[in-house]
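Commentary on secondary and tertiary structure
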Amino acid sequence: MPGSDAGGEPYRFLRTTETETAPAPDIDTSKPHAARIYDYWLGGKHNYAADREVAEQFLKTLPKTLLGARVNRRFLIDSVRWLAQEAGIRQFIDIGSGLPTQQNVHEVAQEITEDARVVYVDNDPLVLVHADALLTADDRTIVINADLRDPQRILDDPAVRNLIDFSQPVALLMVAVLHFIHDDKVAYDSVKTLCDALPSGSYVAIAHMLTEEGREDIDTAVKLYSKASTPIVARTREQIARFFDRLTPIGPGMVHVADWSLGDADFHRRGRPGDAVMPIDDPSLLADIALMCGIARIDR
Ligand SMILES: C[S@@+](CC[C@H](N)C(=O)[O-])C[C@H]1O[C@@H](n2cnc3c(N)ncnc32)[C@H](O)[C@@H]1O
């Protein structure tokens, strides 16, 4: 059953694209791209044959990736809700934001608080093409084309400085993006530079692809993906936990996705009517998903 928790091959809710025409002349659709591969796994329509081919090959090695993409998106939605509702955050910087989908960060946050301001950052020009069309309907949401590996460029961007008040708490979202930064030093330094620029009381939410002893399936999938598309790196639990060094963990901190929850707030897996990405009813399904996630606060 498509998109169902019921048996068979779970979460098979893919559909084909309506058009194969590139949305802008400078967009090369012949090469697979991370944003479009992920869009395919989420059941979106901003993907092309080259993306689908890699996405399908990856699925053959790691069939739970469809579920993983959905759980990852669920983590993002739950985090934004918690940050807006429980932590009182009004400013979000979403790096590696991906292609617009249902329940984008600004929609989730502004549903809770109309004055939420959101900066989307992605280094894929296609994201900008689609984001420009979909996200600029209000003056509290902007999209910039920039790279997480150059965090100062993001911080110095005039549009970002115009929208974000860096004297007030900010939520920094880096969900399923840090595993695209191969070099450990660059990845840790980028996160540190961004955190250092934010005031005390700000938050960081991270989801990251995980590898563990004996998971040859993950290593094979990573190699396959890296050869065909952008290189990715799955990190160990310890390596991923290091992104939260010097930060105050919220709830369980950085943990395997099956163990993540927001405690008393009971946001986890609950969802709300109308949610595009429904919660997972059976957490045991999550056990072998290659994903760590967590939220932490910047306290000085
Ligand atoms: C798997 S998608 C995640 C989308 C969204 N954050 C989510 O979790 O639903 C990863 C996104 O990160 C972007 N990305 C990859 N490397 C990046 C980098 N160095 N700087 C900015 N964005 C990057 C890709 O273009 C893609 O849109």
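See the structure shown above.
Notes on the structure follow. Not measured: the values here are computed from a predicted model. (Residues numbered from 1 in each chain as written. Predicted model: local features only at pLDDT ≥ 70, side-chain atom pairs only at ≥ 80, totals over all residues. Heavy atoms only, no water.)

**Observations concerning the pairing of strand 5 (residues 203-209)**
Among the 7 residues in strand 5, 7 count as buried, and that is most of the element. Since strand 4 (residues 171-175) and strand 5 lie parallel, the crossover through helix 8 (residues 184-196) that links them has a hand, and here it is right-handed. Here strand 5 runs beside strand 7 (residues 291-297); their pairing, made up of 7 bridges, is antiparallel. The residue bridging Val204 from the neighbouring strand is Ala296, located in strand 7. (Buried < 20%, exposed > 50% of the residue type's maximum accessible area, 1.4 Å probe, protein only. Helix = DSSP H or I, 4+ residues; strand = E, 2+ residues; numbered from the N terminus. Right-handed = clockwise from strand over helix to strand, strands pointing away. Pairing = 2+ DSSP bridges.)

**A few points about the site of the ligand**
Looking at the ligand, there are 19 residues lining it, with Tyr38, Arg73, Gly96, Asp122 and Val175 nearest. Contacts to the ligand include Arg73, whose side-chain N or O atom sits 2.8 Å from an oxygen atom. In this structure, Val175 approaches the ligand through a main-chain N or O atom, which is 2.8 Å from a nitrogen atom. Computed on the free molecule, the ligand has an accessible area of 600 Å², of which 96% lies beneath the protein chains in the complex. More than half of the atoms belonging to the ligand lie within 2 Å of the grid points that define the largest pocket. Breaking the shell around the ligand down by element, the ones donating at least two residues are helix 1 (34-41) and helix 3 (65-85). Residue contributions to the shell around the ligand peak at 3 residues, all from helix 3. Residue composition of the shell around the ligand, grouped by class: 9 nonpolar, 5 polar and 5 charged. (Near = heavy atom within 4 Å. Polar contact = N/O pair within 3.5 Å; in protein donor to acceptor, adjacent residues only side chain to side chain. Areas by Shrake-Rupley, 256 points an atom, 1.4 Å probe, with all protein chains shown as cover. 1 Å grid on protein atoms, 1.4 Å probe; cavity = no way out; pocket = protein on both sides within 12 Å on 5 of 7 lines; lining within 4 Å. Sits in = over half its atoms within 2 Å of the grid points. Nonpolar A, V, L, I, M, F, W, Y, C, P; charged D, E, K, R; others polar.)

**Focus on helix 9 (residues 216-228)**
Spanning 13 residues, helix 9 covers 18 Å between terminal C-alpha atoms, matching the ideal 18 Å at 1.5 Å per step. Of the positions making up helix 9, those classed as buried are Ile218, Ala221, Val222 and Tyr225. What you see down the axis of helix 9 is that its buried residues fit within an arc of 100°, all on one side. In this structure, helix 9 carries Glu216, Lys223 and Lys227 as exposed residues pointing more than 90 degrees from its buried face. Buried residues in helix 9 make contact with helix 1, helix 2 (49-61) and strand 5. (Expected span 1.5 Å × (residues − 1). Arc of directions from axis to C-beta. Contact = heavy atoms within 4.5 Å.)

**Description of the layout of surface pockets**
A water-sized probe rolled over the atoms picks out the places where empty space is left. There is about 940 Å³ of room inside the largest pocket. Around the largest pocket sit 45 residues that line it, and Ala34, Ala176, Val177, His179 and Phe180 are the ones nearest its centre. Elements with a minimum of two residues in the lining of the largest pocket: helix 1, helix 3 and strand 1 (91-95). The element contributing the most residues to the lining of the largest pocket is helix 3, with 6 residues. The residue inventory of the lining of the largest pocket, partitioned by class, reads 25 nonpolar, 11 polar and 9 charged. (Points joined across faces, edges and corners; volume = space filled by probe spheres on them.)

Treat this as a map of the structure, not an account of what it does.
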